[in-house]
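# Breakdown of the fold
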Amino acid sequence: MPNTMNQVATLTQVTETPNALAEFLRGLPGVDAVGADQRAASLATRSIKTESKRRAIDLAISMIDLTTLEGADTQGKVKAMCAKARHPDPLNSEVPHVAAVCVYPDLVAIASKELVGSGVAVASVATAFPSGRADLQTKLSDTRFAVSQGATEIDMVIDRGAFLSGDYLKVYSEIVATKSACGDAHLKVILETGELATYDNVRRASWLAMIAGADFIKTSTGKVTPAATLPVTLIMLEAVRDFREQTGRMVGVKAAGGIRTAKDAIKYLVLVNETCGPDWLTPQYFRLGASILLNDLLQQRQKMITGHYSGPDYVTID
Amino acid sequence: MSTGRLEIRKTYKLFIGGEFPRSESGRSYEVTDSKNRFLANAAMGSRKDARDAVRAARTAYEKWSNASAYNRGQILYRIAEMMEGRKEQFVSEVMSSEGCTKPVANKIVTAAIDRWVWYAGWADKFATVAGSTNPVAGPYYNFSTPVPIGVVALVAPAKSSLLGLVSVVAPAIVVGCTAVVIASENRPLPAITLSEALATSDLPGGVINILTGNTGEITPWLASHADVNGLDLAGVTNPALAIELTQSAAGTIKRVLPRPTVEPDWFKDPGLERLNFYAEARTVWHPIGV
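What you see is a predicted model; the values in this text were computed from it and never measured.

With that settled, consider the overall build of chain A. When helices and strands are tallied, chain A shows 13 helices and eight strands. Rg of the C-alpha trace for chain A: 19 Å, near the compact-globule value of 20 Å for 318 residues, within the 12% margin. Seen through its principal axes, chain A has C-alpha atoms that stretch 60 × 45 × 30 Å. By the burial criterion, 49% of the 318 residues in chain A qualify as buried.

Moving on to the sheet that holds strand E9 (residues 255-257) of chain B. Residue and element names in this part refer to chain B. Spatially, E7-E6-E5-E8-E9 is the arrangement adopted by the five strands of the open sheet, whose pairing is parallel. Sheet topology places strand E7 (208-211) and E9 at the edges, where each strand pairs with a single neighbour. Neighbour-to-neighbour, the strand axes of the sheet open up by a mean angle of 15°, direction not taken into account. Across the sheet, helix H1 (residues 47-66) lies against strand E5 (151-155), strand E6 (178-182) and E7, angled at about 155° from E6, the strand it touches most.

Residues and elements named next belong to chain A. Look at helix H7 (residues 136-148) against helix H9 (residues 168-182): their axes get within 9 Å of each other, and the N-to-C directions meet at 30°. Here H7 is positioned roughly parallel relative to H9, judged by the angle of their axes. The two elements H7 and H9 cross, and the hand of that crossing is right-handed. Residues Leu136, Lys139, Leu140, Thr143, Arg144 and Val147 of H7 form the contact with H9, whose participating residues are Glu174, Ala177, Thr178, Ala181 and Cys182. Tallied by class, residues from the contact of H7 with H9 come to six nonpolar, two polar and three charged.

On to helix H12 (residues 262-275) of chain A. The end-to-end C-alpha distance of H12(A) is 20 Å, a good match for the 20 Å that 14 residues give at a rise of 1.5 Å each. Where H12(A) is buried, its residues touch helix H3 (33-43), helix H4 (50-62), helix H11 (230-247), strand E7 (252-256), strand E8 (286-290) and helix H13 (292-306) of chain A.

Attention now goes to the confidence of the model for chain A. When pLDDT is averaged along chain A, the result is 94, and 97% of the positions lie at 70 or above. Confidence drops under pLDDT 50 across residues 1-6 of chain A; counting only partners more than four residues distant or on other chains, this segment forms five contacts.

The subject of this paragraph is the sheet that holds strand E4 (residues 140-148) of chain B. Here we have three strands laid out as an open sheet, ordered E3-E4-E10 (chain B), and antiparallel in their pairing. Both edges of this open sheet fall to strand E3 (132-133) and strand E10 (279-287) of chain B, since each of them pairs with a single strand only.

Residues and elements named next belong to chain A. Residue placement: Gly35 occurs in helix H3. Looking at Gly35, the number of C-beta atoms within 10 Å reads 12, which means it is exposed. Put simply, Gly35 and Pro231 are 196 residues apart on the chain and 9.3 Å apart in space, counted from C-alpha to C-alpha.

Below, the discussion takes up helix H10 (residues 199-211) of chain A. Along an α-helix, residues three or four apart share an orientation, since each turn contains 3.6 residues. All names here are of chain A. Taking 1.5 Å of rise per residue, 13 residues should cover 18 Å, and H10 covers 19 Å from first to last C-alpha, within 8% of that figure. For H10, the complete set of buried residues consists of Tyr199, Asn201, Val202, Arg203, Arg204, Ala205, Ser206, Trp207, Leu208, Ala209, Met210 and Ile211. Among the residues trailing H10, Gly213 stands out with phi positive, at a value near 110°.

Turning next to the packing of H10(A) against H11(A). Residue and element names in this part refer to chain A. Two elements in contact, H10 and H11, have axes whose closest approach is 9 Å; the angle formed by their N-to-C orientations is 40°. Accordingly, the angle class assigned to the pair H10 and H11 is oblique. Of the two elements, H10 crosses H11, and the hand of that crossing is right-handed. Contacts between H10 and H11 involve Tyr199, Val202, Arg203, Ser206, Trp207 and Met210 from the first element and Pro231, Val232, Ile235, Met236, Ala239 and Phe243 from the second.

Conventions adopted
Residues numbered from 1 in each chain as written. Chains lettered and ligands numbered in written order. Predicted model: local features only at pLDDT ≥ 70, side-chain atom pairs only at ≥ 80, totals over all residues. Helix = DSSP H or I, 4+ residues; strand = E, 2+ residues; numbered from the N terminus. Rg over C-alpha atoms; globule rule 2.2 N^0.38 Å. Buried ≥ 20, exposed ≤ 12 C-beta atoms within 10 Å, placed from the backbone. Pairing = 2+ DSSP bridges. Axes fitted to C-alpha atoms, helices over the stretch in contact; angles between N-to-C directions. Contact = placed C-beta atoms within 7 Å. Parallel < 35°, antiparallel > 145°, perpendicular 65-115°, else oblique. Left-handed = near helix turned anticlockwise from the far one by under 90°. Nonpolar A, V, L, I, M, F, W, Y, C, P; charged D, E, K, R; others polar. Expected span 1.5 Å × (residues − 1). pLDDT = per-residue confidence, 0-100.

Here you go:
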């Protein structure tokens, strides 16, 4: 990792020419793939029990971006999801609310109306989600529309085609343009790691997004398999940690897609704590993009309170 | 050098979701015959194995309960076929587990196989017998049909290790429930062999899950489990445990089939009692003339 003050100054310069940017990104140290897999696997065996588990479950709930991104989404479904976001367990007011709801731009207005005063943020995907295959003007107007409807967080996708063909500057300038279209809204940049082919590319895309001004880097759209995995999240966490060391700026990480059980969610929390430390263990800097995960967290929570296993009949249907 | 063949000592595993995992706890226990001689090691199932089994049963439930009755009947018949092919093994295990003679064991195994066939026959006839067309004061057809109650936990009979086991499992699955079965604690071998027959029949994984181990340890978790809809106490020998389980099941309004004070004669015609227990009536109002 470049880590001298001299190189910090160059971080802004590397974006001046396509070659300099490519040179910088390709000059990042390669990821030890076997090591990353093993590190993630060994942290995943950590046993979290009783009081720690209870706190981990509540923390995970408060980090969820409750998501519905289906062609079949209706206003009614979004309203129901917002109600759940405010009060995940209607029978227990001690359960914290989730961090945000995440919807398509045309449903942002409904969600922000439902969530007034709740403390739950409204996130919207934008920039021709999930493929990102549109011209820049369309992507920017998509973003401006979502913000004008009340979205306070924008989840954009990068142009993976441009990234994979080495046109890093195009990816960079699109992120910069989207960031400025966001105004005050937080920008999460979806790398879609399932399409990036290598861990090295994940590291490069993470740095590219952070240099371009991302507030969050996010693993996946949830529409591609594999979505979030522990090793990929580990590499992204290392990137945000190293980026803070160099620049002083903290960038968040969002793991999205494929996280279905409380056990999985807790593995991610362990990964965050062991890689970046407790600074990142807040909804401000770490998110879990999920939908059915919440029900499993609630069932585990109920089990800890009642002492017996809960079932899907005792949580709301999504 | 010894000329004797190296003996294959058996350590059996559990049957969950169509697979044969070891107990999550890593424990096993010794199974002995009726004269206390070592037979094999069986897995000592734990709370978490029960949890996994319920999850497997719940996952299998949607497909199994929606399969046509005709299809379920065919699969039950196929189970009988697979048992028939392993008849010798069942006979020898029933003999050693129950301490009976070969002719008696033969009779037990034959009856167990026939019981699958008997219940297979009921698959597409039960709804006709248990369902009804109800007279109502209005322009409606009103039908009641039996539908399965969901995931059920069964404590298999303690003494009748094969015929009793089949007699409690077959009715549950033929109506469309999926089952978590606790095998007889002291006589688990026929249940384990049955799971091997089930794995090679056309039964989808998770419809029947068989746990071996300590009944008193595992059953309370199943009785209180909110995702279990019914409980059969056929094999609970301890009256205090039966009361505890019944009370615990009430917390999530489960249906409970009470513990028999004396283990019944499983050779008798089973009747429809257990089929009725595993089904509840669904009533549909259909306007006439539409």
